[in-house]
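An overview of the molecular structure
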Amino acid sequence: MIQFSHVTVNYGYVPGALKDINLQLRDGDFTLILGPTGSGKSTLLRLIYMDILPSGGVVKVGKWSSYRITPRQINLLRRNIGVVFQDFKLIENMSVFDNVSLPLVIEGYRRKYVKRVVNTLLDEVGLLHCGDQRASTLSLGEKQRVAIARAMTRNPFIVIADEPTGNLDREASENVLSLLQRIHGNGTSVLMATHDYELIKDTPYKRIYMENGQVLPPDRTMNIGKQRIRLLTKQE
Amino acid sequence: MKFLFVLRQTFNNLWRERTPVLATILTIFIALTILIALFELSWVLYNQLYELKRNLVVEVYLKPSVPADEAEQVREKLKAYRTIERIRYISKATAADIFEEEFGENIMDILDENPLPTSFEIRLKSSFNHPEYLSVFKKQVEAMPEVDEVHYRHSVIEKLENVTEAVVMAGIFILIILVLAMNLLIRNTIKLSVYARQRQIMIMKILGSGNLLIRMPFILEGAFEGLVGGIFSAAGLIVAHRFLASTFPLLNFPARVYQLLWINTVILGIVIGLLTSAASTGHFINKVYSKK
C-alpha cells in the first residue's frame, strides 16, 4: 500500500510543487493520475520511488517511510518498483538485452537466470528478435516496450508509468496501455500518469485528478475531470 | 555478471575517453620516470657520501718540536675520544716512505732532510663523520699544545652533502608538483567519463544500484591508467639501465634494489590512479546526480 499524508514538495525556493497531498493507493489497483502539464503528476510519482523526498508530510511505500529512510533503503525500495518514463530512459548505446538485464545485473544475479528472465520478458513484449540490437536503433514504441520489460524484470509490486505514451503515436500508445493492462492482470499494481485522456477514456480504472500541485477532491473530481477531458480534447 | 558488467563499463570508458586517457597515462609515465630518476640520483649521491665518509681520514700533524715519546702521550689523549674508531701513528720515517710510494722519489734525496711531520691518521666512527662534529673535533684537537694542525677533506663532504640535500629538496618539490599534475589529470579524465555517462548513472540510480557498482568502473579506469603509466615507466627504467649501466657503473644497483624499484614503480602507479579516481568519482557522481 502507498500512502501520502499531508505531503508538500517545494523545489528550492519555489514553493507548492505539491500542496498537502493525502492519498491512499491500494495494492493490486490500476490507478490513473490525470492532469495538465505542471500539475504535479511526475513529482507525485518521484516521491514513490523516493527520487525526491517530501518537504513536509510523509510518504509510505510498503514498509518504507520517507520520514526515516536511508540511501541504502532507497536502493532496496527501487528494486521493488518498476518505473517507466516518457523518455524511456534506456541506455542508447547498449543492446536491448543489456538494457533489460540491467536491474538484474545490479542485484548480481547469475548469467543463466538473467538470460532466462530477459528472454521471457522480451518475448512478452514482442521484441525477442531485437535482443542484440542497440536500443538507439529501435522505434519509439519499441523503446517503450523495452522500458516496460525492464521495469518487470524484478517482479515489482508496483509499476509506475510517468507519461509512458507521451512520445508515441496512437497505435504504439494503445500497445503500451495494453501491456500495462496485462501486467495489472497478473496482479501487479500500476500507477500511470497521463494527460492523454482520449487513450484512457473508456478504461474502468480509478482516477486521481491533479491541478496546481493539488489532488482535486473526489466529489468535484468527476465533474471537473469530465469537463477537463472535453476541454482538452477540443483544444487538441 | 556484475563483475563482467563492471569490466565492460571500465573498458568502454577507457575507449570512449581515449585521448584524455592517453594524456593521463603519458603524464603518469613521465612523472614516475622523473621520480625514479630523482630517486636513483639521490641513491647514487648518498652512496658516494657514505663511501666518502667511511673512508674519511682526519690527519693530526704534530709540531716539529714534539719528540717521539710525547707523540705517544698525544696518542693516549686521542684514544680517550670514544668517537674514534682507529688511530694510526705515522712517524717522520713512515711519512717519508709514504711520500716515496706516492711520488716515486725519496724526500731525503730531494731536500737532504726530512721535513715531514709526525702525524696520526684517525678514522672516526661513521656516525660522527658529519661536518658539525668534525669541526668541533678539529678545534678540540688543535687546542692540544703538541698539535700543529688538523686536516680533513671537509670541503668535498660538505659540497656533496649540500648537493645531496639540494637534490632531495628539489625531488620533494618536483614530486609534489607531479603528484598534483597526475591528480588533476586523472580527476579530469574521470570527470569527462562521469559526465559522458551521466544518463547511465542516473538510470542505474533509479533502478536501485548501489554507489559502489556505479563508481567501480571509474575507479578501475584510474587504476588502469596508473598501471599502464607504471608499466611504461618500469620498462623505461629497465631499458635505460641496460644502456647506461655499462657507461655509469654507479648505476649498477644491487639486483634486489633494482627489482624492488621497478615493481614499486608499477605499484605506485596503480596506487596513485586508484586513490585519485576513488576520491574524485564520488564527488562527480554526486554532482551529476544532484544536477538532474
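Read on for a plain summary of the structure. These figures come from a predicted structure and were not determined experimentally.

Our next topic: the overall build of chain A. When you go through chain A residue by residue, the secondary structure sums to 8 helices and 10 strands. A compact globule built from 236 residues should have a C-alpha radius of gyration of about 18 Å, and chain A, at 18 Å, falls within 12% of that. Referenced to the eigenvectors of the C-alpha coordinate spread, the extents of chain A come out at roughly 50 × 45 × 35 Å. The buried share of chain A, reckoned over its 236 residues, is 55%. Contacts spanning at least 24 positions in sequence make up 70% of the contacts within chain A whose residues lie at least 6 apart. Within chain A, the 23 negative side-chain charges are centred at a point lying 7 Å from the centre of the 31 positive side-chain charges.

Now for the pattern of salt bridges. Within this structure, the stated rule accounts for 13 salt bridges over all chains. A salt bridge links B:Arg8 to A:Asp98; the shortest N-O distance between them is 2.7 Å. Linking B:Arg8 in helix H1 (residues 2-16) with A:Asp98 in helix H3 (residues 96-107), this pair reaches from one chain into another. Using a relative accessible area of 42% as the deciding quantity, one classes B:Arg8 as partly exposed. According to the relative accessible area criterion, A:Asp98 is buried, its value standing at 17%. A:Asp196 is the salt-bridge partner of A:Arg170, the closest N and O atoms lying 3.3 Å from each other. Residue A:Arg170 is found in helix H6 (residues 170-185), and its partner A:Asp196 is found in the loop between strand E8 (189-194) and helix H7 (197-200); the two are separated by 26 residues along the sequence. With relative accessibility at 38%, the residue A:Arg170 sits in the partly exposed group. Three or more residues are tied together by salt bridges with common partners; here these are A:Arg46, A:Asp51 and A:Arg78.

Time to look at the interface of chain B and chain A. In this assembly, 21 residues from chain B lie in contact with 26 residues from chain A. Where chain B abuts chain A, roughly 2,000 Å² becomes buried across the two surfaces, and 59% of that area is made up of carbon and sulfur atoms. Summed over the shared surface of chain B and chain A, the number is 1 salt bridge. Mapped by element, the contributors of at least two residues to the side of chain B that touches chain A are H1 and helix H8 (198-206) of chain B.

Turning next to the nonpolar core. All names here are of chain A. Of all hydrophobic cores here, the largest spans 43 residues; its most connected members are Phe30, Leu180 and Met192. Of all the elements in the fold, those that place two or more residues in this core are strand E3 (30-34), H3, helix H4 (111-124), helix H5 (140-152), strand E7 (158-162), H6, E8 and H7. Two domains each donate at least three residues to this core, and these are domain 1 (1-80 + 157-236) and domain 2 (86-155). If you look at the next biggest cluster of nonpolar residues, it comprises 33 residues, including Leu45, Leu47, Phe85 and Ile158.

Residue and element names in this part refer to chain B. On the surface, a cluster of negative charge is made up of Asp97, Glu100, Glu101, Glu102, Glu105, Asp109, Asp112 and Glu113. Per element, the largest residue contribution to the negative patch is 4 residues, and it comes from helix H4 (residues 92-103). Along the chain, Asp109 falls in helix H5 (residues 107-111).

Quick look at the packing of H8(B) against helix H9 (residues 211-244) of chain B now. Residue and element names in this part refer to chain B. Running from N to C, H8 and H9 point in directions that differ by 155°, and their axes come no closer than 10 Å. Between H8 and H9, the crossing angle belongs to the class labelled roughly antiparallel. Here H8 runs over H9; the crossing is right-handed. Of the residues in H9, those in contact with Ile201, Met204 and Lys205 of H8 are Asn211, Leu213, Ile214 and Phe218. A breakdown of the residues in the contact of H8 with H9 according to their chemical character gives 5 nonpolar, 1 polar and 1 charged.

Residue and element names in this part refer to chain B. Among the surface-exposed residues, Leu26, Ile30, Ile34, Phe173, Ile174 and Ile177 lie close enough to one another that they form a single nonpolar patch of about 520 Å² accessible area. Broken down by secondary-structure element, the contributors of at least two residues to the nonpolar patch are helix H2 (18-54) and helix H7 (154-196). Positionally, Phe173 belongs in helix H7.

What follows covers the packing of H3(A) against H5(A). Residues and elements named next belong to chain A. Their axes nearest at 7 Å, the elements H3 and H5 cross at an angle of 30°. The pairing of H3 with H5 is recorded here as roughly parallel in orientation. When you trace H3 past H5, the crossing you get is right-handed. Contacts between H3 and H5 involve Val96, Asn99, Val100 and Pro103 from the former and Val146, Ala149 and Arg150 from the latter. Grouping the amino acids of the contact of H3 with H5 by side-chain chemistry returns 5 nonpolar, 1 polar and 1 charged.

A separate point is the packing of aromatic side chains. Inspection of the entire model under this criterion finds 11 aromatic pairs over all chains. A centroid spacing of 6.3 Å and a plane angle of 85° characterise the contact between B:Phe29 and B:Phe232, whose relative ring orientation is edge-to-face. Taken together, the residues span a long stretch of sequence, with B:Phe29 in helix H2 and B:Phe232 in helix H9 at a distance of 203 residues. For B:Phe29, a relative accessible area of 26% corresponds to the partly exposed category. What makes B:Phe232 partly exposed here is its relative accessible area of 46%. Over the aromatic face of A:Phe85 sits the side chain of A:Lys89, whose NZ or CZ is 5.0 Å from the ring centroid. Here the guanidinium or amino end of B:Arg18 rests over the ring plane of B:Trp15, the centre of that ring lying 4.2 Å away.

Residue and element names in this part refer to chain A. Looking at the element boundaries, Gln214 is found in strand E10 (residues 214-215). Here the alpha-carbon distance between Gln214 and Leu18, two residues 196 residues apart in the chain, equals 6.1 Å. Beyond its immediate sequence surroundings of up to four residues, Gln214 is in contact with Lys19, Ile21, Ser39 and Tyr209.

The rules behind the values
Residues numbered from 1 in each chain as written. Chains lettered and ligands numbered in written order. Predicted model: local features only at pLDDT ≥ 70, side-chain atom pairs only at ≥ 80, totals over all residues. Heavy atoms only, no water. Helix = DSSP H or I, 4+ residues; strand = E, 2+ residues; numbered from the N terminus. Rg over C-alpha atoms; globule rule 2.2 N^0.38 Å. Buried < 20%, exposed > 50% of the residue type's maximum accessible area, 1.4 Å probe, protein only. Contact = heavy atoms within 4.5 Å. Lys, Arg positive; Asp, Glu negative; His and termini not counted. Charge placed at Lys NZ, Arg CZ, Asp CG, Glu CD. Salt bridge = Lys/Arg side-chain N within 4 Å of Asp/Glu carboxyl O. Buried area = accessible area lost by both parts, 1.4 Å probe. Core = buried A, V, L, I, M, F, W, Y, C linked by side-chain atoms within 4.5 Å. Domains from an automatic or database assignment. Patch = residues over 30% accessible without salt bridge, like charges linked within 9 Å, V, L, I, M, F, W, Y side chains within 5 Å. Areas by Shrake-Rupley, 256 points an atom, 1.4 Å probe, with all protein chains shown as cover. Axes fitted to C-alpha atoms, helices over the stretch in contact; angles between N-to-C directions. Parallel < 35°, antiparallel > 145°, perpendicular 65-115°, else oblique. Left-handed = near helix turned anticlockwise from the far one by under 90°. Nonpolar A, V, L, I, M, F, W, Y, C, P; charged D, E, K, R; others polar. Phe/Tyr/Trp six-rings, centres within 6.5 Å; stacked < 30°, edge-to-face > 60°. Lys NZ or Arg CZ within 6 Å of the ring centre and 35° of its normal.

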